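These are the residues of each chain, in order.
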Amino acid sequence: MPYLRPRAWELVRPNKGAAGIDQQPLVDIEAQGVPACRAEIAPSLRDQTYRPQPVRRVAIPKPGDPTRTRPLGIPTVRDRVVPAAAQWLLEPICEADCEGTSFGFRPEKGALAAWEAVYQTSRQGFRWVVDADIEPCFDRLDHQQLMAALRRRISDGELLRLIYRWLKAGYLLDGVYHDTDPGSPQGGVLSPLARAREGTREPWARVGLTLPPEKTRGVHDREEGVDCLGFPHRRVRLTGSQRESRGVLRWPRQKACRQFRAPVREWVGPPSRRRREPGECQRRRGRYRPGWKHSFRHGESARTESETGPVRGRASSTEPGP
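Quick caveat: nothing in here was measured; it's all calculated off a predicted structure.

K.L.:
I keep staring at the environment of Asp-227 and nothing clicks. Help me out?
P.N.:
Counting through the fold element by element, Asp-227 comes out in strand E7 (residues 226-228). It is 8.3 Å that separates the C-alpha atoms of Asp-227 and Asp-131, two residues lying 96 residues apart in sequence. With near-sequence residues (within four places) excluded, Asp-227 lies in contact with Pro-232 and Arg-253.

K.L.:
In this structure, what is going on with the confidence of the model for the protein? I would like to understand it.
P.N.:
Of the residues in the protein, 78% reach a pLDDT of 70 or more, and the chain-wide mean stands at 77. Within the model, the stretch residues 317-322 combines pLDDT values under 50 with 11 contacts to residues more than four positions away or in other chains.

K.L.:
Hey, could you run me through helix H7 (residues 143-151) in this one?
P.N.:
In an α-helix, one turn spans 3.6 residues, which is why side chains three or four residues apart end up on the same side. What H7 keeps buried is the set His-143, Leu-146, Met-147, Ala-149 and Leu-150. For H7, the angular spread of buried residues about the axis comes to 160 degrees, placing them on one side. Buried residues along H7 sit in contact with helix H8 (157-167).

K.L.:
What's the story with the pattern of salt bridges in this structure? I'm lost.
P.N.:
A side chain of one charge can pair with a side chain of the opposite charge if their charged atoms are brought near each other. The full count for this structure, using the stated rule, is 10 salt bridges. Notably, a salt bridge pairs Arg-13 with Glu-30, separated by 2.4 Å at the nearest N-O pair. With Arg-13 in the loop between helix H1 (6-12) and helix H2 (26-32) and Glu-30 in helix H2, the pair connects residues that are 17 residues apart, well separated along the chain. Residue Glu-30 is classed as partly exposed on the basis of its relative accessible area, which comes to 29%.

Quick notes on the rules
Residues numbered from 1 in each chain as written. Predicted model: local features only at pLDDT ≥ 70, side-chain atom pairs only at ≥ 80, totals over all residues. Heavy atoms only, no water. Helix = DSSP H or I, 4+ residues; strand = E, 2+ residues; numbered from the N terminus. Contact = heavy atoms within 4.5 Å. pLDDT = per-residue confidence, 0-100. Buried < 20%, exposed > 50% of the residue type's maximum accessible area, 1.4 Å probe, protein only. Arc of directions from axis to C-beta. Salt bridge = Lys/Arg side-chain N within 4 Å of Asp/Glu carboxyl O.

Set out below in structure tokens:
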């Protein structure tokens, strides 16, 4: 079975990632030699004795809310290479089943394509949006239902057994082993394939996914708008005109704007005081701005960025502070 093609390593290496329960990082594998790693795993795959190790589970802060965390599973490097090869084989099958309106974890798809789809749909006159959030699929994923859905599309019994072993590998938390039944460790290479089942024609209920009523609502794009992948989307009245925008517009969230301005103000200081080293402030700001602009350049972020104009003026002043 061609599970250990060099292509698998190409999928794993760019992601880097921390070490699993064996405490062996990716750099150690590279130092020993990638061919040696593949040669070590290949016999166990051929004689069907390969067994994945449990993942190392850690808690990481949720984006934008450091007080809340989400679990992340970190497989060993070897247990990333084999699933990466399987993902390479399974991806075309999943792609054939995906709806055109699904953008997550798909090749040549992503946030930009999803934003464009929202915009184009709003331009066609659609005004109401169903704003919903699927119950955490990694925590509630039913293994039997998922495997039944995969068996309808995959006939390779050994590949199905490998997927089932990854689902049942479990995880270590503070040195204690836990089963993953139901559920699947978030962070493994096959996690995107499990999540991609949400975007297929497979009924959600059949694979154990539900929409919680408290997180499901209908919103109007002019009155409330909707958040989509970090950007509020809303139809607005154009500046200096009584006409509405033809489609929804998007801009950075207020929290993202505050996070952008906070470090700049810290470097520059309050308006009543000017820094002694304005050149250093300008250099730090010059290094900081490109990253933020790269993340938010797709939205209406020019006004937000221009609001740092007074700050930029104070940073360029050469008058020493008291």
